[in-house]
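# Remarks on the overall topology
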Amino acid sequence: MMRQTNRWSLGLVLVTLAIVSVVLAAGVNAADPVKIALVAALSGQSAKSGEGITRGLTVAIDEINARGGVLGGRKIELIRRDDEANPAKGQIAAREVIAQEKVAAIVTGIETPVALAILPITTKEKVPLIGVWAAGTAITRGANQPYSFRVSAVDELVDKALVKYAMKTFGAKSLGLMRINNPWGESNEKGLGAATGESRIKMAGVEKFEQTDVDMVPQLSRLKSAGADTIVIIGSAAPGAQVVKALDRMGWDVPIISHWGISGGRFAELAGPSARKVHFIQTYSFFGKQNEVGAKVLAALKAKYSDIKGPGDAIPPVGIANAYDAMTMLAMAIEKGGGTDADKIKQGFYAIGDYHGLIKNYLKPFTPQNHDALNEDDYIMVRYEGEQIVPVK
Amino acid sequence: MSGLGLGSMYGLLALGFYVTYAVSSTVNFSQGSSMMLGAVLCYTFAVTLGWPGPAAIVAALVLSGLWGALVERFAVRPFVRGGSNAWLMSTVAIGIVLENAVLFTYGKEPRNLPSPLVRGTINVGGLGVYPLQLVIPAAALLIALGLHLVSRHTRYGKALLAVVQNSDAARLVGVNVSGAITWSFVLSTVFAAAAGILIAPLFNVAAEMGTLFGIKAFAVAILGGITSAGGVVVAGFVYGLVEALVTALLGSAYNQIVTFALVIVALVVLPNGLFGRGAVKKV
């Protein structure tokens, strides 16, 4: 019996040694890939956002690798971790990919609270944080954030754009804000407060809701009696849909505009036919005439993902488009900076001159004073038509 | 109106707490998950498999009842037999297991459960409400009334009551005590599942939908006096109405702060809940 056990152990050791030597040999022979992590909501209410970002990154990475990768033949490898829209889980994932996977940069997802939770870690560990969705102003515009860059909307600017749109399109004079009770909601309350202050328009009231609130009638009734003539939603798909359903029940036919959080889940299914009443912000639409990059990306998406048959299936478009441009510029930054450490990547970002991207032609997108590649001129307003997101005519 | 609807949900879940507590002095802390299970099963049968609505509802309720029996058999009975209070933790644990199992199989994305009762609104005193919002409180009251009638007028009900009064004596006269306890768990999860199915079309179906409901329902059960069936249902309505009123008058930010604080205040004033009887210590 004893002898048999020994033989087993010996066998196990030999197999382990064989595996280790194969792994080591592979490591020596191939050029190390440059690993990029995506830490985003891959499951849960905002799972679609994570899927869209993944697709945008993947299409860009395939292109970069087909061109021979970066830094003289190193391929880009995408590593994905699910933060479940939970800041604590995002932090754990960020620490893991930095320590274990030695990633060159971390791309973050839809949730501002998660990105803000990860930020101190990436700053301390000197790993660039690339925001491709979360719009919280503080992600790139707070104090001491040397390594955070963003290709996405910025709340402060979105809020200005929303107020401008409400005034121009609906003649709004008094906004009623329905916002999620978290830091992202707070960031927008501030932004909208500032934006309405600058214009000749007032805030009728601010009401908060939780992610799992069932009925929004009480909050909306307060806004109605306070004289709101346009509702602004800051929240994700599920509670956003509850707001729309509550308005239906109240029979209150009021213009609704929204930040883009609602496009991260199944808003059209959850809100029903009235989903189309909501005008919301995006940075990109695959509808209409596409530039050269748009046509190329859409073709690549159709070839790679069987569920994408036309522009309406490339959802959520902002996730795909922001991630595609961000990944392409990140590769340019690594190449221009000449390495994968944070300071080189940072200098690489500053060195990008012009880039004909998917969303627009970027001209010097990043400078030491500005880590946001997009601004308020790059936003478009869209709405749901069935399950598809189409530009508002 | 919304307060009444939500209140009946709390009442139904709390009724589940009441049933098991009355019969076996144990509580199924996975009530929130059972509620979610009912909604998820109903969605699976009705939407994914395309069954007709009534069949999907019955199948969901039957399977949820079966789940209740499993909870009792594996998460409660072994500990109660051993004279331990570990069922407190084990029912919480089994709820989390269920929630995560659903996450894996059903996914975390909230889905919409369509219902003919939420297609259009009807006007009630100037307020637009879905027919379902009227059905929910009515259904909750009917279920509570049904429970009352069954327990007073049928053999099973009387057996349950006998166990409630004195389980040893009941055993001596030939009542199947462990069977009665199993049935109480079946009933409690069926109530929760019914609540889940009723609320889902107004809300959505998601693996995490039951968590907060479960906590609030337990607060309601305690508030109503967990030993009184009518009490917990009324407390459910009261809680739901207070919640809606606080939101309407003070704003949503104060909702949970005020309602849970009120629960504490109410319990300080009435330690046995609104309608509960104090436990008589036998010496």
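Residues numbered from 1 in each chain as written. Chains lettered and ligands numbered in written order. Predicted model: local features only at pLDDT ≥ 70, side-chain atom pairs only at ≥ 80, totals over all residues.

Another aspect to go through is the overall build of chain A. The helix and strand tally for chain A stands at 13 helices and 14 strands. Here the C-alpha radius of gyration of chain A, 23 Å, is about what a compact globule of 393 residues would show, namely 21 Å. Each of the three principal axes of chain A carries a C-alpha extent, and together these read 85 × 60 × 45 Å. When burial is assessed residue by residue, chain A has 54% of its 393 residues classed as buried. By sequence separation, contacts in chain A at least 24 residues apart represent 68% of the contacts at least 6 residues apart. (Helix = DSSP H or I, 4+ residues; strand = E, 2+ residues; numbered from the N terminus. Rg over C-alpha atoms; globule rule 2.2 N^0.38 Å. Buried ≥ 20, exposed ≤ 12 C-beta atoms within 10 Å, placed from the backbone. Contact = placed C-beta atoms within 7 Å.)

All names here are of chain A. Ranked by size, the top nonpolar core spans 125 residues in total, and within it Ala 105, Ile 106, Val 107 and Val 232 carry the most contacts. No other element matches the 12 residues that helix α12 (residues 317-337) contributes to this core. Ignoring sequence-local partners within four residues, the contact set of Val 232 consists of Leu 162, Leu 175, Leu 177, Met 178, Leu 192, Ile 257 and Ser 258. (Core = buried A, V, L, I, M, F, W, Y, C linked by C-beta atoms within 7 Å.)

Before going further, it helps to spend a moment on the interface of chain B and chain A. Taken together, the 23 residues of chain B in the interface contact 23 residues of chain A. When residues of the side of chain B that touches chain A are traced back to their parent elements, those giving at least two are α1 (2-24), β2 (127-129) and α10 (229-250) of chain B. When residues in the side of chain B that touches chain A are grouped by element, the largest group, 3 residues, is from α10(B). By residue class, the composition of the side of chain B that touches chain A is 12 nonpolar, 8 polar and 3 charged. (Nonpolar A, V, L, I, M, F, W, Y, C, P; charged D, E, K, R; others polar.)

Moving on to the sheet that holds strand β7 (residues 202-209) of chain A. Adjacent strands of a sheet pair through backbone hydrogen bonds, lying either parallel or antiparallel. Residue and element names in this part refer to chain A. The sheet built from 7 strands is open, its strands ordered β7-β6-β8-β9-β10-β13-β14 with mixed pairing. The outermost strands of the open sheet, each flanked by one partner alone, are β7 and β14 (388-391). Taking the axes of each pair of neighbouring strands and ignoring which way they run, one obtains an average angle of 30° across the sheet. With 5 bridges joining them, strand β6 (residues 174-180) and strand β8 (residues 230-234) adopt parallel strand pairing. Note that in β8 the partner of Gly 176 across the bridge is Ile 231. (Pairing = 2+ DSSP bridges. Axes fitted to C-alpha atoms, helices over the stretch in contact; angles between N-to-C directions.)

Cis geometry is adopted by the peptide bond preceding A:Pro316, which originates at A:Ile315 and carries an omega value of -10°. Unusually for a residue other than glycine, A:Leu71 sits at a positive phi of about 50°. Of note, B:Ser25 is a non-glycine position whose phi angle comes to about 55°, a positive value. Turning to its location among the elements, B:Ser25 is positioned in the loop between α1 and α2 (31-48). Classification of B:Ser25 by C-beta neighbours within 10 Å gives partly exposed; the count is 13.

A word on the sheet that holds strand β5 (residues 148-150) of chain A. Residues and elements named next belong to chain A. Reading across the sheet, the 5 strands line up as β2-β1-β3-β4-β5 and stay open at both edges, with parallel pairing between neighbours. Looking at strand neighbours, the two that pair on one side only are β2 (76-82) and β5, the edges of this open sheet. Averaged over neighbouring strand pairs, the angle between their axes works out to 25° when direction is ignored. Across the face of the sheet, helix α4 (residues 112-125) comes into contact with β1 (34-40), β3 (105-108), β4 (129-131) and β5 while running at roughly 170° to β3.

Right, let's talk about the confidence of the model for chain A for a bit. Detailed reading of the predicted model is not advised wherever pLDDT is low. A residue-level look at chain A finds 92% of positions with pLDDT of 70 or above and a mean pLDDT of 89. In the predicted structure, residues 25-29 of chain A sits below a pLDDT of 50 and forms 0 contacts with residues beyond four places in sequence or in another chain. (pLDDT = per-residue confidence, 0-100.)

All names here are of chain B. The geometry of helix α3 (residues 53-81) relative to helix α4 (residues 87-106) is characterised by a closest axis approach of 9 Å and an angle of 165° between their N-to-C directions. When the interaxial angle is binned, α3 and α4 end up roughly antiparallel. Considering the relative orientation of α3 and α4, their crossing is right-handed. Here Val 71, Ala 75, Val 76, Phe 79 and Val 80 of α3 come into contact with α4, specifically with Trp 87, Ser 90, Thr 91 and Ile 94. Looking at side-chain class alone, the contact of α3 with α4 contains 7 nonpolar, 2 polar and no charged residues. (Parallel < 35°, antiparallel > 145°, perpendicular 65-115°, else oblique. Left-handed = near helix turned anticlockwise from the far one by under 90°.)

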